[in-house]
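Listed here are the chains, written in short residue letters.
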Amino acid sequence: MSFHIGVDIGGTFTDAISISAETGDVRLSKVPTTPDNQAKGFIAGLRQLDVALPAISWLVHGTTVGTNATLERNGAKCGMITTRGFRDIIELGRRERPQLFGLFGTFEPLVLRRHRLEVTERVNASGETLIPLDEKEVAAAVLELKRQGCEALLIAFLHSYANPEHERRAAEIAAGLWGSPYITRSSDILAEFRETERFGTAAINAYIQPRIHRYVSRLKTELREHGVPRDLVIMQANGGIMSAEAACERSVATVLSGPAAGVIAAAEISRLAGYKNVITCDMGGTSFDVGMIVDGTPMVSSDRDLGFRLPLRIPIIDIHTIGAGGGSVISLDEGGILHAGPRSAGSQPGPIAYGRGGVEPTVTDANVLLGRLSSKALLAVDGPVDTAKIRSAFATRIGVPLGIGAEDAAQAALRIINDKMAGAMRLVSLQRGNDPRDFTVFAFGGAGPLHGVALARELGVPRVIVPYVPGITCALGCIIADVRYDFVQTVSRLVDAVTADEIRGVLQMQRAAGELRLRDDAVPIERIEVVHEGDMQYEGQTYSLRVRIDPAHLDVGSLSGRLRQAYLERFKIDLAGFRAKLINLRTVVTGVRPRLDLQRIVATKRRGTDPATAKLGSRPVWFGDRWVTTPIYDRIALPIGAIFTGPAILNQMDTTTVIEPGNGVRVDDFGNLIVTLAP
């Protein structure tokens with residue numbers, strides 16, 4: 001028997017899922033994340049699955065190592081060699097401010113100024129060499145940065161997207177002197193104009209590359225020692241997967257890879273359930289991630305900032321993240337205003353309910369106090385929860401200052417956190433011209449099903465999908481993701497000045513590079529799909545729209561018409577009299593992997609409409625302003641086709657689902673809960 005395994009490491013828990021390739025048997029594990037060495041939590045998760053490690057045939061991993069290293073500023077000591085006069089591009093940025101209306105702020109660049117050295121060279125925007133590269137200066141700069149103790153090297157020259165030859169030659173010189181493989185060329189990471197964004201994205205790659213390389217190497221070593229025969233595969237931010245070796249080279253692609261896996265899984269599950277327009281809500285222990293799926297396709301963005309002056313201009317599944325999770329601390333500020341997060345209790349010490357020494361009330365504690373979570377059996381907690389300690393914390397820290405009881409304080413905390421999360425959902429929907437009432441909420445993560453129905457009610461969304469394994473959905477996404485590579489090349493010329501042969505040449509080169517990477521990865525795929533697009537704008541404009549390009553039937557003259565149509569659809573304005581400009585050419589090469597039959601992972605094959613056989617008992621649960629006696633069900637034991645009406649609490653290993661009074665529930669053929677909100 002062989003097993004497909006996906007592992008996702010979050011801020012609080014490490015999730016793993018194993019699916020038997022022969023029987024579809026599913027095993028889940030959820031263990032505390034080990035921040036000091038995430039590999040420990042990874043191996044612990046595999047062991048809890050209780051599968052024969054030598055029988056693993058497919059192992060995909062979503063990691064937060066790169067994201068955390070960048071945000072927490074604990075990446076490598078990095079040096080930079082750049083064009084004379086441009087050493088401060090990554091620090092100057094575009095004159096933004098950390099706080100829009102603030103008069104002061106601080107920013108720590110990934111590469112400190114004393115480690116940014118300049119050399120003589122110059123290429124113009126057309127790729128013409130104006131000043132040859134001074135190779136002696138390059139060698140001297142490499143040796144100086146090495147003397148300063150820099151571990152990673154970034155080579156970023158002006159206009160290298162148009163002509164990367166100077167960067168290539170500088171990297172060749174550095175390779176013989178640097179003494180380590182950690183050399184990043186900006187044109188390899190992003191062959192696109194706008195130096196601030198290209199330098200910044202490449203700086204992230206250089207900054208996290210040693211951390212990713214060491215982590216992946218250590219993890220691969222441990223896996224081999226435990227007898228895992230299959231090489232490790234890493235999740236990408238664009239929703240695809242890549243080999244571990246590729247992750248060590250293009251480390252920036254691993255940033256935000258875990259949340260991206262969740263959206264990939266949500267898209268597949270929602271499609272099978274019959275819903276194409278979905279707002280994904282992934283609530284874990286530390287963060288809340290929101291994404292959008294439109295017409296069955298996750299929205300992808302190439303215009304994202306990881307933080308202030310940390311541009312990330314690679315294709316990324318468009319996810320908005322806020323600090324809101326089960327571990328979010330409930331507190332009062334100096335003015336007596338109630339807050340939920342963004343500070344988190346994490347996994348150590350964690351919420352008070354975990355019994356690991358936590359003293360500050362959290363969202364998880366509020367759910368326990370209000371009966372939404374069981375106080376007798378809580379995931380990763382040995383023995384019953386000390387509810388008296390939780391009640392005391394809410395009463396003394398929140399209730400007394402506000403003049404309310406402990407339960408009212410807990411209810412207020414949930415309203416605050418729900419309002420905060422609903423705001424994030426409005427941001428990704430309304431701001432992009434989508435009415436959330438036309439969508440379905442897809443609630444997953446360890447805490448998502450606890451709050452999904454309340455969030456849908458807040459936004460007026462009529463329906464909620466809770467997948468069969470909500471707390472392990474990101475790990476499931478790792479298993480079902482395809483292999484994907486994205487390429488971009490700046491052209492920046494008027495359409496009537498570009499020939500069809502030039503466009504075909506770039507697109508064919510990008511396609512060939514993608515197919516070569518797929519062969520090098522040696523990941524089993526069924527077929528290769530290729531999509532070509534162009535970023536276009538009218539002369540004098542700053543931002544562009546994306547249009548499809550078919551190299552086999554390419555008519556340069558028709559590109560202007562495609563831009564006109566795209567502009568008319570987006571802005572309802574016809575600019576037919578303006579001159580069209582082709583900015584970038586893009587290619588997405590996808591290796592489509594064999595589809596996983598998600599229906600096979602449903603534990604029960606029993607059908608029926610009566611959920612009574614799955615009922616475990618009942619307990620008081622706080623809804624609105626009163627306690628309501630609520631039936632408790634074993635979620636996994638519910639028969640396919642079961643139909644019932646809330647209130648209800650549904651327990652399973654990886655999460656708890658709360659159904660509010662009056663809401664209708666149906667279990668579909670894939671084990672998903674389809675919740676219809678009461679009018």
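Notes on the structure follow. (Residues numbered from 1 in each chain as written. Predicted model: local features only at pLDDT ≥ 70, side-chain atom pairs only at ≥ 80, totals over all residues. Heavy atoms only, no water.)

1. Digging into the pattern of salt bridges
The following threshold applies: Each salt bridge in this description consists of a side-chain nitrogen of Lys or Arg and a carboxyl oxygen of Asp or Glu lying within 4 Å of one another. Secondary structure elements follow DSSP: runs of H or I of four or more residues count as helices, runs of E of two or more count as strands, with numbering from the N terminus. Partly exposed describes any residue whose relative accessible area lies between the buried limit of under 20% and the exposed limit of over 50%, with all areas from a 1.4 Å probe on protein chains only and scaled to the type maximum.
Applying the stated criterion across every chain yields a total of 39 salt bridges. Arg84 is the partner of Glu137 in a salt bridge, and the nearest nitrogen-oxygen pair spans 2.8 Å. Placement of Glu137 in helix 4 (residues 135-147) and of Arg84 in the loop between strand 5 (78-83) and helix 3 (89-92) is noted, with a sequence separation of 53 residues between them. Exposure remark for Arg84: the relative accessible area of 41% places this residue in the partly exposed category. Ionic pairing is found between Arg607 and Asp669, a salt bridge with its closest N-O pair at 3.1 Å. In this pair, Arg607 is assigned in the loop between strand 28 (580-592) and strand 29 (615-623) and Asp669 in the loop between strand 34 (664-667) and strand 35 (673-676), connecting sequence segments 62 residues apart.

2. Brief notes about the nonpolar core
Counted only if it meets this: The definition of a nonpolar core used throughout is a set of buried Ala, Val, Leu, Ile, Met, Phe, Trp, Tyr and Cys residues joined through side-chain atoms within 4.5 Å. Here a residue-residue contact requires only that any non-hydrogen atoms of the pair lie within 4.5 Å.
The biggest cluster of nonpolar side chains holds 176 residues, and the ones touching the most others in it are Phe42, Leu59, Phe288 and Phe394. No other element matches the 12 residues that helix 7 (residues 195-225) contributes to this core. Dropping the residues within four chain positions of it, Phe288 is found in contact with Cys281, Asp282, Met283, His320, Thr321, Ile322, Ala324, Met421, Ala424, Met425 and Leu455. Counting 22 residues, the second largest nonpolar core, distinct from the first, contains Met536, Leu545, Val556 and Leu563.

3. Quick notes on helix 15 (residues 500-521)
This is how the line gets drawn: The span you would expect from a helix comes to 1.5 Å times its residue count less one. As used here, the arc belongs to the directions running from the helix axis to the C-beta atoms.
If you check helix 15, its first and last C-alpha atoms are 32 Å apart, about what 22 residues at 1.5 Å a residue would give, namely 32 Å. Taken as a whole, helix 15 has its buried residues at Ala500, Ile503, Val506, Leu507, Gln510, Gly514, Leu518 and Asp521. Buried residues along helix 15 cover an arc of 145° about the axis, so they all sit on one side. For helix 15, exposure combined with an orientation more than 90 degrees from the buried face picks out Asp501, Gln508, Met509, Arg519 and Asp520. Each element contacted by the buried residues of helix 15 is listed here: strand 12 (241-243), helix 8 (244-249), strand 25 (483-494), strand 26 (527-538), helix 16 (556-571) and strand 28.

4. Some details on unusual backbone geometry
Across residues other than glycine, the phi torsion is negative in most instances, and most of the peptide bonds are trans. The omega torsion of the bond from Gly341 to Pro342 falls at 0°, within 30 degrees of zero and hence cis. The topology assignment puts Pro342 in strand 22 (residues 338-344). Despite not being glycine, His159 has its phi angle at roughly 60°, a positive value. Looking at the element boundaries, His159 is found in the loop between strand 9 (152-156) and helix 5 (165-178). Judged by relative accessible area, His159 falls into the buried class, the value being 17%. Even without glycine at this site, Leu256 takes up a positive phi of about 65°. With respect to the helices, strands and loops of the structure, Leu256 is situated in the loop between helix 8 and helix 9 (257-273). Of the residues examined, Leu256 reaches a relative accessible area of 14% and is grouped as buried.

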